[in-house]
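Listed below, chain by chain, are the residues.
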Amino acid sequence: MFEVVDGTGTAAQPTGLASFASLRRGDDAPDWVRDGVVTAWGLASDTVVRLIVLSENVTFRVDVAGRPALVIRLARPGYATSAAHLRSELRWIEALRRDVGLSTPTPVPGADGGLLQLIRDEAGGTWNAVAFEFVAGTVLEDRDDTPRWFQEIGAVTAVLHRHARQWTPPAGFHRFTWGLADLVGPTARWGDWRRAELSATQRRVLERAEARACAVVADRTGSRDPAESVGLIHADLRPSNAMTHSDAMTNADALTVIDFDDCGYGYYLYDFGAALTFYEHRAEAREMAARWLAGYQEHVPLHAADLDVACALSMLRRLTMLGWATTHREDALPADLWAENQPGTVEVAARYLADPLWLVRP
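Residues numbered from 1 in each chain as written. Predicted model: local features only at pLDDT ≥ 70, side-chain atom pairs only at ≥ 80, totals over all residues. Heavy atoms only, no water.

A. Main features of helix α3 (residues 150-166). For α3, with 17 residues, the first-to-last C-alpha span of 24 Å sits near the 24 Å given by 1.5 Å per residue. Summarising burial for α3: 12 of the 17 residues are buried, a large majority. When α3 is considered as a whole, its buried residues turn out to be Phe150, Ile153, Gly154, Ala155, Val156, Thr157, Ala158, Val159, Leu160, His161, His163 and Ala164. (Helix = DSSP H or I, 4+ residues; strand = E, 2+ residues; numbered from the N terminus. Expected span 1.5 Å × (residues − 1). Buried < 20%, exposed > 50% of the residue type's maximum accessible area, 1.4 Å probe, protein only.)

Below is the structure:
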C-alpha cells in the first residue's frame, strides 16, 4: 500500500542538534546561523535571529530593522536532509496556495532566487535551510477557545486531502511515508514508545492497544483501493501548527496552517489522529473530535468503517508521540502537555481497549 520514496542530493553531514544543546526558546542563534541567514537571504548586518523551537527541525525567527520578517528552518540531520525531499514540500505548499487558496506562509527565496539554501556550520558541515514569510497571529495551542477551531481544522484537512487526490505531483517529487512501521515499533521514525519508562502493567496495556489498533487499520483498509485511504497528508496539523490571524477583509479571525515539514504519504485519517495530538486524554477531546469530523464531512463523506480507522489511527498517533518524547527535548512542548503525555497515553489506551469508538461517541 505504501511506496517507499526518498530523494537524492543530501547535504554534507552537519554537526547535529548538539550544536543547539544549550539554546532555549527566544535565545539568539549561534553566530554561524545568523551570519549564514544574513548572507543567504541578503539581509542587513544588524538582523537578529532567535530560536523558536527545536523539534523535527530547528526553527528561528528573523527580525529585520526591529520587526519580524522571516521564519527560517534548518533541516534536522537524518530527518529530511534530501534536497528533493525539501523542495517537494515547498512544491505542495505552492500548489495548495495556488489551487485552493490555502492560507499558509509564503516560501521566501534566498538572494540567489533559490528556495533551498545551504548554511555552513563551524565544523564545516552544511545545513539545508528554507524560509517563510513571518505571519503575525496566535498559535491555536495558546488560545482559550482551542476546541471551537477544530471544525475549521477538519474542513481545511478535507480540502488538503481532496487536492491530494486530484493533484499530479511534478517530476522528482519525493516525500517519506507514514505507514504503520513508521508510526510504531522499533523502526518508528520519531522513536519507539517502548523506550519510555513504563511499569509492566502500563506496557501490557499499551501493547494490547497497539495490536488492536494496527489490526483495525489493516482490516478496514486492506481490501479497499489504496487511493481511497492513502495519499499525501499534512501529518501534523494540530493546535501548535495552526495560527489564527485577523483577516483584513472580514475583520474576523482566520486560520493559517503552518509547518508542512512532516507531510508525506500516509492514511488520510491519520490527520484526524494528528489533530488531537496530546489532547486525547483531556475532557475536551470528544468535542474536538466531533468538530473535526463535522468540518471534514463538509467536503469529504465518511462511513462507519472510516470512524473505526480514525479512532485506531488516533490511538497509534498517541503511541507515536510517546515514542517522540523519548527522542526530543522537553521544551519542544508546553510543560503541562509534556508532563501529561505518558500517563495520558496509558489512560487513552485503556479507554480504547474498553471501547474502540469512545472518542467519537456522543
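B. Just the environment of arginine 194, in detail. Residue placement: arginine 194 occurs in the loop between α4 (180-183) and α5 (200-222). As for arginine 194 and glutamate 141, which are separated by 53 residues in sequence, their C-alpha atoms are 27 Å apart. When near neighbours in sequence (up to four residues on either side) are disregarded, arginine 194 contacts Gly185, Arg203, Glu207 and Glu210. (Contact = heavy atoms within 4.5 Å.)

C. Layout of unusual backbone geometry. Positioned with a positive phi, alanine 65 is a non-glycine residue whose angle comes to about 55 degrees. Judged by its relative accessible area of 67%, alanine 65 is exposed.

D. Molecular detail of the packing of helix α9 (residues 304-325) against helix α10 (residues 335-354). At a closest axis distance of 10 Å, the pairing of α9 and α10 adopts a crossing angle of 150 degrees. It follows from the interaxial angle that α9 and α10 lie roughly antiparallel. Like other packed secondary-structure pairs, α9 and α10 cross with a definite hand, here left-handed. Along its contact with α9, which presents Cys311, Ala312, Met315, Arg318, Leu319, Met321, Leu322, Trp324 and Ala325, the element α10 presents Trp338, Glu340, Asn341, Gln342, Gly344, Thr345, Val348, Ala349 and Tyr352. Here the residues of the contact of α9 with α10 sort into 12 nonpolar, 4 polar and 2 charged. (Axes fitted to C-alpha atoms, helices over the stretch in contact; angles between N-to-C directions. Parallel < 35°, antiparallel > 145°, perpendicular 65-115°, else oblique. Left-handed = near helix turned anticlockwise from the far one by under 90°. Nonpolar A, V, L, I, M, F, W, Y, C, P; charged D, E, K, R; others polar.)

E. Quick peek at the layout of surface pockets. The computed volume of the largest pocket comes to approximately 930 Å³. Forming the boundary of the largest pocket are 41 residues, of which Ile52, Val53, Ser240, Ile258 and Asp259 lie nearest the centre. Put simply, the parts of the chain that give the lining of the largest pocket at least two residues each are β1 (48-54), β2 (57-64), β3 (67-75), α2 (83-100), β5 (126-133), β6 (138-139) and α9. Among the elements that make up the lining of the largest pocket, the one with the highest residue count is β2 (3 residues). Along the lines of polarity and charge, the residues of the lining of the largest pocket split into 19 nonpolar, 8 polar and 14 charged. (1 Å grid on protein atoms, 1.4 Å probe; cavity = no way out; pocket = protein on both sides within 12 Å on 5 of 7 lines; lining within 4 Å. Points joined across faces, edges and corners; volume = space filled by probe spheres on them.)

F. Fine view of the sheet that holds strand β11 (residues 264-267). The strand order β7-β11-β8 describes an open sheet built from 3 strands, whose pairing is mixed. Edge positions in the sheet fall to β7 (177-178) and β8 (230-233), since each has one partner strand and no second. Where β8 lies against β11, 4 bridges are found, and the strand directions are antiparallel. Residue pairing for β11: glycine 231 is matched across the bridge by glycine 266. (Pairing = 2+ DSSP bridges.)

G. Summary view of the packing of aromatic side chains. Throughout the structure, instances matching the rule amount to 14 aromatic pairs. Centre to centre, the rings of tryptophan 178 and tryptophan 190 are 5.1 Å apart; their planes meet at 65 degrees, and the pair counts as edge-to-face. With tryptophan 178 in strand β7 and tryptophan 190 in the loop between α4 and α5, this residue pair connects regions lying 12 residues apart in the sequence. Each member of the pair tryptophan 178 and tryptophan 190 is classed as buried. Considering the side-chain rings of tryptophan 178 and tyrosine 270, the 6.2 Å spacing of their centres and the 20 degrees angle between planes classify their relative orientation as stacked. Of this pair, tryptophan 178 sits in strand β7 while tyrosine 270 is found in helix α7 (residues 270-275), placing the two residues 92 residues apart along the sequence. You can call tyrosine 270 buried: its relative accessible area is 1%. Each residue in the set Phe20, Trp32, Phe60 and Trp127 is aromatic and connected to the rest through ring pairs, giving one cluster. It is arginine 175 that lies over the ring of phenylalanine 176; its NZ or CZ is 5.3 Å from the centre. Sitting over the face of the ring of tryptophan 178, arginine 189 holds its NZ or CZ atom 4.6 Å from the ring centroid. (Phe/Tyr/Trp six-rings, centres within 6.5 Å; stacked < 30°, edge-to-face > 60°. Lys NZ or Arg CZ within 6 Å of the ring centre and 35° of its normal.)

H. The pattern of salt bridges, seen in detail. The full count for this structure, using the stated rule, is 24 salt bridges. The salt bridge partner of aspartate 192 is arginine 194, with a shortest N-O separation of 3.5 Å. Salt bridges sharing partners connect three or more residues here, namely Arg143, Asp145, Arg148 and Asp253. (Salt bridge = Lys/Arg side-chain N within 4 Å of Asp/Glu carboxyl O.)

I. Inspection of the state of the cysteines at higher detail. One pass over the structure, following the stated rule, counts 0 disulfides. Looking at the unpaired cysteine 214, the closest cysteine sulfur is the one in cysteine 311, lying at 15 Å. Using a relative accessible area of 18% as the deciding quantity, one classes cysteine 214 as buried. (Disulfide = S-S within 2.5 Å.)

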